[in-house]
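Spelled out, the chains give:
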Amino acid sequence: MGMWMRLSSWLPTVLLAVIVVAVWQATVWIYALPPILLPSPLAVLDAAWETRDELTRGAVVTGGAAICGFLLSITVGTAIAALMSQSRMLRLALYPYVILLQTVPIVAIAPLLVIWSGYTFRTVVLVTVIISLFPIINSVAAGLLAIPQDRLDLFRLYGASRLQTLWRLRIPTAIGHLVVGAKTSSGLAVIGAIVAEFFVGNGGANYSGLGTLMTGWQTLGRTAPLIAALCISTLIGVIMFATVELISRSLLRRWMNHD
Amino acid sequence: MRFGAASAVLQGVDCEIPAGEIVSLIGPSGCGKTTLLRALAGLQTPTSGQIAIDPPARASRGEIAFVFQQPTLLPWRTAIENVMLALQLCDAAVSKHEARQRAEAELAAMELPTAAFARFPRELSGGMRMRVSLARAMVTQPSVLLLDEPFAALDDLSRSALGELLLRRWDERPFTAVLVTHNIAEAALLSHRVFILKAGQIGAAIVDDLPRPRNESVRTSAEFGGLYRRISAALQAGGS
């Protein structure tokens, strides 16, 4: 019953996807659209099969960059948030720059990063970190600082050190917030990797991420494999989001579902 | 002792609490009961005056324990882990094994079913959570126990059971306790003396000389009824 209920909750989502694909296929047939403008879903599937080697390599490279950037942003973001939670002065000093990180137009600074860091995997990871860092810092800092007063009093009463309070009270409280931030960041990480690859791919270096493939296929007017690459990059984002959700429901379960 | 420069919460509070007694602070909402209790715990510093504890006791060594209005349990820790926390924070030398053993003994003394030891707070009833909270306070064997309306949110049955449990623990190992309460019957039942607090000022103590333990015959006696009326009259008169 439980299994059936879980499966049936996915039914509306699957049904909507089927309807969208059917309408897409019908539109292409009815209006006889040229494949360069909009290929049919079947043509996209065909193109995906034909370019499977390039797509697989691209998915590994882009997925790898997105995962590296995501994990780095979790590590760096949590560390910055922990620093911000320890002192008001640090909070005042760092927070404007954290906001700056969010407001900086990544498409505009990506070429600059390419100049500094080269047409490399490292540059892609760097852009990914910049774009996915803010939700982590913001969520974790909020979690570290949103401690109920009576719990803080309890720790103060027992003479807990700053480190004990951070380790035994603030971090466990912030884990739920970290998961919320990580879910947002997981999607942003893929966007960051793809955007960076648009620029890194232009350098003619031997870089073969999905973003590089997309710009190449766009130039050649090969819309079908371009859409296939788009679908795969979306899938990477969905898998990363689902992994965060899975970890929060298994390994981090103790720290979720409070009260 | 005085609190607050602009508007004093407590003013001219001058009282002595004999060691090994349970003392109740009773008074209307906003009269400063919790402020006084927090000051005794060192959670709030008076703008003037002083608090002396003889022999000296420190909360950071577990010698003073505080029971909050809410159980204040950490939701990611099981019942036993919440009790162990007090030992882990107060005594760096205590091993995990010893902390667990002492927490188990304390939870058993608080009559929490063994099956509930490994449950998370959200899986416990309100009464059970408060038993865990009391166990956490008692596990360090404090010489001073401060209770801030700990039973206020409980049903009558749980309130009465926990009150009896507190008295039993006091019989086993007497400690000094200060109980903030709104409940006259609770103050009469649990305390050796009752202080009436009104408008930030403390009145003369009402000394309770009824026999202990407080069994059914004591609670239904005319003397107990008389004590209840004395406290009630003092409250209405402003503690004078």
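Owing to the predicted nature of the structure, the values given are computational and were not obtained by experimental measurement.

The rules behind the values
- Residues numbered from 1 in each chain as written.
- Chains lettered and ligands numbered in written order.
- Predicted model: local features only at pLDDT ≥ 70, side-chain atom pairs only at ≥ 80, totals over all residues.
- Heavy atoms only, no water.
- Helix = DSSP H or I, 4+ residues; strand = E, 2+ residues; numbered from the N terminus.
- Buried < 20%, exposed > 50% of the residue type's maximum accessible area, 1.4 Å probe, protein only.
- Contact = heavy atoms within 4.5 Å.
- Areas by Shrake-Rupley, 256 points an atom, 1.4 Å probe, with all protein chains shown as cover.
- Lys, Arg positive; Asp, Glu negative; His and termini not counted.
- Charge placed at Lys NZ, Arg CZ, Asp CG, Glu CD.
- Buried area = accessible area lost by both parts, 1.4 Å probe.
- Salt bridge = Lys/Arg side-chain N within 4 Å of Asp/Glu carboxyl O.
- Polar contact = N/O pair within 3.5 Å; in protein donor to acceptor, adjacent residues only side chain to side chain.
- Nonpolar A, V, L, I, M, F, W, Y, C, P; charged D, E, K, R; others polar.
- Phe/Tyr/Trp six-rings, centres within 6.5 Å; stacked < 30°, edge-to-face > 60°.
- Core = buried A, V, L, I, M, F, W, Y, C linked by side-chain atoms within 4.5 Å.
- Domains from an automatic or database assignment.
- 1 Å grid on protein atoms, 1.4 Å probe; cavity = no way out; pocket = protein on both sides within 12 Å on 5 of 7 lines; lining within 4 Å.
- Points joined across faces, edges and corners; volume = space filled by probe spheres on them.
- Pairing = 2+ DSSP bridges.
- Right-handed = clockwise from strand over helix to strand, strands pointing away.

> Sorry, what's going on with the overall build of chain A here?
If you tally the helices and strands in chain A, you get 10 helices and zero strands. Along the chain direction, N to C, the helices and strands of chain A fall in the order α-α-α-α-α-α-α-α-α-α. Taken along the three principal axes of its C-alpha coordinates, chain A extends 75 × 55 × 25 Å. Scored against the burial criterion, the 259 residues of chain A give a buried share of 39%. Of the contacts formed within chain A by residues at least 6 apart in sequence, a portion of 74% connects residues at least 24 apart. As presented, chain A carries roughly 14300 Å² of accessible surface, and 73% of it is formed by carbon and sulfur atoms. Taking the 16 positively charged and 9 negatively charged side chains of chain A as two groups, their mean positions are separated by 13 Å.

> What should I look at first to understand the interface of chain B and chain A in this one?
Interfaces are often described in size by the accessible area the parts lose on coming together. Facing the 28 residues of chain B at the interface are 21 residues of chain A. Buried area between chain B and chain A, summed over both chains or domains, comes out near 2200 Å², and the portion from carbon and sulfur atoms is 62%. Where chain B touches chain A, the interface holds two salt bridges. When the shortest N-O distance is used, the salt bridge between Arg254(A) and Glu81(B) registers 2.7 Å. Inspection of the region where chain B meets chain A yields six residue pairs in polar contact (both at pLDDT 80 or more). Secondary-structure elements contributing two or more residues to the side of chain B that touches chain A are helix H1 (33-41), strand S2 (64-67), helix H2 (79-90) and helix H4 (126-138) of chain B. Taken together, the residues that form the side of chain B that touches chain A break down as 16 nonpolar, seven polar and five charged.

> Looking at this structure, I do not really get the packing of aromatic side chains. What am I missing?
The geometry of an aromatic ring pair comes down to the distance between the two centres and the angle between the two planes. Residues and elements named next belong to chain B. With the rule as written, the count across this model stands at one aromatic pair over all chains. Ring plane angle 45° and centroid distance 4.7 Å describe the contact between Phe 66 and Phe 68, whose orientation is recorded as tilted. Phe 66 sits in the buried class, given a relative accessible area of 2%. Its relative accessible area of 6% is what places Phe 68 among the buried residues.

> What's the story with the nonpolar core in this structure? I'm lost.
Counting 74 residues, the largest nonpolar core has Leu145(B) and Leu146(B) as its most contacted members. With nine residues, H2(B) is the single largest residue contributor to this core. Here this core spans two domains, since at least three of its residues come from each of domain 1 (1-57 + 144-240) and domain 2 (73-142) of chain B. Formed by 48 residues, the second largest nonpolar core is a distinct cluster that contains Ala82(A), Val129(A), Phe134(A) and Val190(A).

> Whenever I open this one, the pattern of salt bridges confuses me. Can you help?
It is possible for side chains bearing opposite charge to pair when their charged atoms get close. Considering all chains together, one arrives at 13 salt bridges over all chains under this definition. Of the charged contacts in the structure, one is a salt bridge between Glu245(A) and Lys183(A), with a shortest N-O distance of 2.5 Å. In this pair, Glu245(A) sits in helix H10 (residues 223-249) while Lys183(A) sits in helix H8 (residues 162-200), placing the two residues 62 residues apart along the sequence. Judged by relative accessible area, Glu245(A) falls into the buried class, the value being 19%. A salt bridge links Glu172(B) to Arg169(B), with the nearest nitrogen and oxygen atoms 3.0 Å apart. A residue pair is termed a helical-turn pair when its members lie 3 or 4 positions apart in one helix, as Glu172(B) and Arg169(B) do in helix H5 (residues 156-172) at three residues.

> I would appreciate a short explanation of the layout of surface pockets in the present structure.
Gaps left between atoms show up when a probe the size of a water molecule is rolled over them. Empty space within the largest pocket amounts to approximately 680 Å³. Those elements that provide at least two residues to the lining of the largest pocket are strand S1 (22-26), H1, strand S3 (144-148) and strand S4 (176-181) of chain B. Classifying every residue of the lining of the largest pocket gives 21 nonpolar, four polar and three charged. For the second largest pocket, the calculated volume is near 320 Å³. What lines the second largest pocket is a set of 14 residues, among which Arg168(A), Arg254(A), Trp255(A), Trp76(B) and Arg77(B) lie closest to the centre. Residue assignment for the lining of the second largest pocket shows that the elements contributing at least two residues are H8 of chain A together with H2 and helix H3 (96-109) of chain B. Broken down by element, the lining of the second largest pocket gets its largest block of residues, five residues, from H8(A). Of the residues contributing to the lining of the second largest pocket, the split by class is seven nonpolar, one polar and six charged.

> Where do I start with the domain arrangement of chain B in this structure?
Residue and element names in this part refer to chain B. Once the domains are mapped, chain B shows domain 1 (1-57 + 144-240) and domain 2 (73-142). Taking the mean C-alpha position of each, domain 1 and domain 2 sit 25 Å from one another. Both sides of the domain 1 and domain 2 interface together cover about 1200 Å² of buried area, and 66% of this is carbon and sulfur. On the surface where domain 1 and domain 2 come into contact, there are two salt bridges. Ionic pairing is found between Glu 106 and Arg 169, a salt bridge with its closest N-O pair at 2.3 Å. On the surface where domain 1 and domain 2 come into contact, there are three residue pairs in polar contact (both at pLDDT 80 or more). Among the elements of the structure, S3 and H5 are those that each provide at least two residues to the side of domain 1 that touches domain 2. If one sorts the elements of the side of domain 1 that touches domain 2 by residue count, H5 sits on top with seven residues.

> Whenever I open this one, the environment of Asn82(B) confuses me. Can you help?
All names here are of chain B. Mapped onto the secondary structure, Asn 82 falls in helix H2. Judged by its relative accessible area of 0%, Asn 82 falls in the buried class. Among all residues touching Asn 82, those that are not within four sequence positions of it are Leu 73, Leu 74, Arg 77, Pro 121, Val 132 and Arg 136.

> Looking at this model, I keep getting lost on the pairing of S4(B). Mind explaining?
Put simply, side chains in a regular strand alternate between the two faces of the sheet. Residues and elements named next belong to chain B. With six of six residues buried, S4 is to be regarded as a mostly interior element. Residues Thr 176, Val 178 and Val 180 line one face of S4 and the alternating positions Ala 177, Leu 179 and Thr 181 line the opposite face, and both faces are buried. As paired strands, S3 and S4 are joined by five bridges and run parallel to one another. Within S4, the position partnered with Leu 145 by the bridge is Ala 177. At this point the chain moves from S3, through H5, to the parallel S4, and the crossover so formed is right-handed.

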